[in-house]
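Chains, contacts and geometry: an overview
Spelled out, the chains give:
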Amino acid sequence: MGSQRRDRGTRIARWVGLAVGLAVVMAALHAWRVAPAPGPLMGADVSFTAGPTGELEVSPTGRFLSGTDLRPSGRVLMGTLAVRNQTGRRLAVQLRALPNLDDLDGILRVEIISPQGVLFVGDLGTLRNWTSPLIVRRGQGESLLFRAWMPTQTPGGYEGDDASVAMEFLSKPVGG
Amino acid sequence: MSDRKRKLLLTVLVVAMTVGVIGMLAGVGVFSAFSSTTSNDGNSFATGTVTIGDNDAGSAMYSVSNKKPNDSVQACIKLTYTGTLAADVHLYTTSSIGALGQYLDMTVEKGTFSGAPAFPSCTGFTSQATVYTGTLANFASTRNSFANGVAAFPASQTQWNQNDTLVYRFTLTVQDNNNASGQTTGSHSFTWEAQNQ
């Protein structure tokens, strides 16, 4: 009877020891854990570029809109691009975007405004298609205002992106 | 404290210390093992482009009729290179030229515009060099492929780079030769071909 009680007590003592030992190990491992770096997530870097074509002169050549650490804050990036028809005919000019990545396709909103009206408003993915045509008379130029932003309700998916958006032109002679 | 209680306490301590020491050794082993890695990330492969365009928008540089001896036509065309690779650009024609070609003197100059005239105006043209002089017929017979085409580069460059432009001025003059009367060149084209270096 006394021996049975002793065995039971020893068994309980072993289990208690095991539990205490495990608790000590857990506490130690938790203390040694490397905490994640504090601070907010990174925003996206965005730039728009354009180059001349045979029919169109553009100014500036290269980057005309850029911003770093863009977030869904309502902050709007703006840039102006001047295009000039250097042909002898009136041209219908359309634009489309060729982004280097597709992360921002459904996130980045873009608006392109000309003196003739709004050429495009929508997300970057939609701007992969040709915009409405802009009519540019022979030898004349038009100034295009570009605006880009992330709406405040934007979910994640943009963090740390470095997006370079090349604008491509399609020019077709119209009328005389 | 009775012997029994001391014994139990000792058991607890021995087990706890055994588990703790083994666990910590394992933990320390995990966290402190010597380790080294190296990586080679972000590999990709992409090709460049060779793209050239002009400002004619499908219109001819010249299309004239009823000209007389010593009449001239002058027209300018602006070439823009938008490819990403450095390139050579050669001018040639693969067209057949009619009988008037041998009586039509042609000069081709390369240069720049100081202003921004619309095609095919040469207003504001500044010549950098003459790249061809001869008859149109001679041009067609000697400059009919990239290999023998007229090479020209912007300014003093030795290659075309992205967004380079160059204006070519064509001057064609009817020779004072009675055999030129009533002749035509027929429709012909000029080709600028870019090839990467």
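Every chain is numbered independently, its residues counted from 1 as its sequence is written. By the order in which they are written, chains take letters starting at A while ligands take numbers starting at 1. Thresholds applied to this predicted model are a pLDDT of at least 70 for local features of residues and 80 or more for the giving and counting of side-chain atom pairs; totals over whole chains, interfaces and linings are not thresholded and use all residues.

1. Quick look at the environment of T131 of chain A
All names here are of chain A. Rules: Only DSSP runs of H or I reaching four residues or more are called helices, and only runs of E reaching two or more are called strands; each is numbered from the N terminus. Exposure classes come from backbone-placed C-beta atoms, where a residue is buried if 20 or more other C-beta atoms lie within 10 Å of its own, exposed if 12 or fewer do, and partly exposed in between. This entry defines residue contacts through backbone-placed C-beta atoms, with two residues in contact when those atoms are within 7 Å.
Here T131 lies in the loop between β7 (117-123) and β8 (134-136). A tally of 23 C-beta atoms within 10 Å means that T131 is categorised as buried. As a C-alpha pair, T131 and D45 span 86 residues in sequence and 24 Å in three-dimensional space. Once residues within four sequence positions are removed from consideration, T131 is found in contact with Q94, L95, R96, I112, L119 and F120.

2. Concerning the domain arrangement of chain B
Let me state the cut-off plainly: What counts as a domain boundary in this text is fixed by an automatic or database domain assignment.
Its domain assignment divides chain B into domain 1 (1-31) and domain 2 (52-196). Inter-centroid distance (C-alpha atoms) of domain 1 of chain B to domain 2 of chain B is 95 Å.

3. A short note on the interface of chain B and chain A
Contact residues are listed per partner, giving 32 residues for chain B and 31 residues for chain A. Contributing elements (two or more residues each) for the side of chain B that touches chain A: α1 (3-32), β1 (52-54) and β2 (72-81) of chain B. Residue contributions to the side of chain B that touches chain A peak at 15 residues, all from α1 of chain B.

4. A closer look at the sheet that holds strand β3 (residues 87-92) of chain B
All names here are of chain B. Quick note on the threshold: What makes two strands pair is DSSP finding at least two bridges between them.
Within the open sheet, the three strands sit side by side as β6-β3-β8. Their pairing is antiparallel. Across the chains shown, the open sheet's two edge strands, defined by having one partner strand only, are β6 (150-151) and β8 (191-196). Summarising the sheet, β3 and β6 pair through two bridges and their orientation is antiparallel. The partner of H90 across the bridge, within β6, is A151.

5. Considerations on the environment of S63 of chain B
Residue and element names in this part refer to chain B. Tracing the backbone through its elements, the reader meets S63 in the loop between β1 and β2. On the basis of neighbour counts, which here come to 9 C-beta atoms within 10 Å, the residue S63 falls in the exposed class. Sequence separation of S63 and G186 is 123 residues, and the distance between their C-alpha atoms is 9.9 Å.

6. A few points about the environment of V110 of chain A
All names here are of chain A. By the secondary structure assignment, V110 is in strand β6 (residues 109-114). Owing to 24 C-beta atoms within 10 Å, V110 belongs among the buried residues under this scheme. On a C-alpha basis, the gap between V110 and G157 in space is 17 Å, while along the polypeptide they are 47 residues apart. Leave out the neighbours within four places in its chain, and V110 touches F120, G122, L124, L127, F146 and A148.

7. Digging into the domain arrangement of chain A
Domain annotation of chain A identifies domain 1 (1-38) and domain 2 (44-173). In this structure, domain 1 of chain A and domain 2 of chain A have C-alpha centres spaced 64 Å apart.

8. Quick look at the sheet that holds strand β9 (residues 141-149) of chain A
Residues and elements named next belong to chain A. Convention followed: Here an angle of 0 to 180 degrees is reported between the N-to-C directions of two axes, which are lines fitted to C-alpha atoms, with helices fitted over the stretch in contact.
Across the sheet, which stays open at both edges, the five strands sit in the order β2-β4-β9-β6-β7 with antiparallel pairing between neighbours. In this open sheet, the two strands that pair with only one neighbour each are β2 (56-59) and β7. Averaged over all pairs of adjacent strands, the angle between strand axes in this sheet comes to 20°, irrespective of strand direction. Of the strand pairs in this sheet, β6 and β7 are connected by six bridges, and their pairing is antiparallel.

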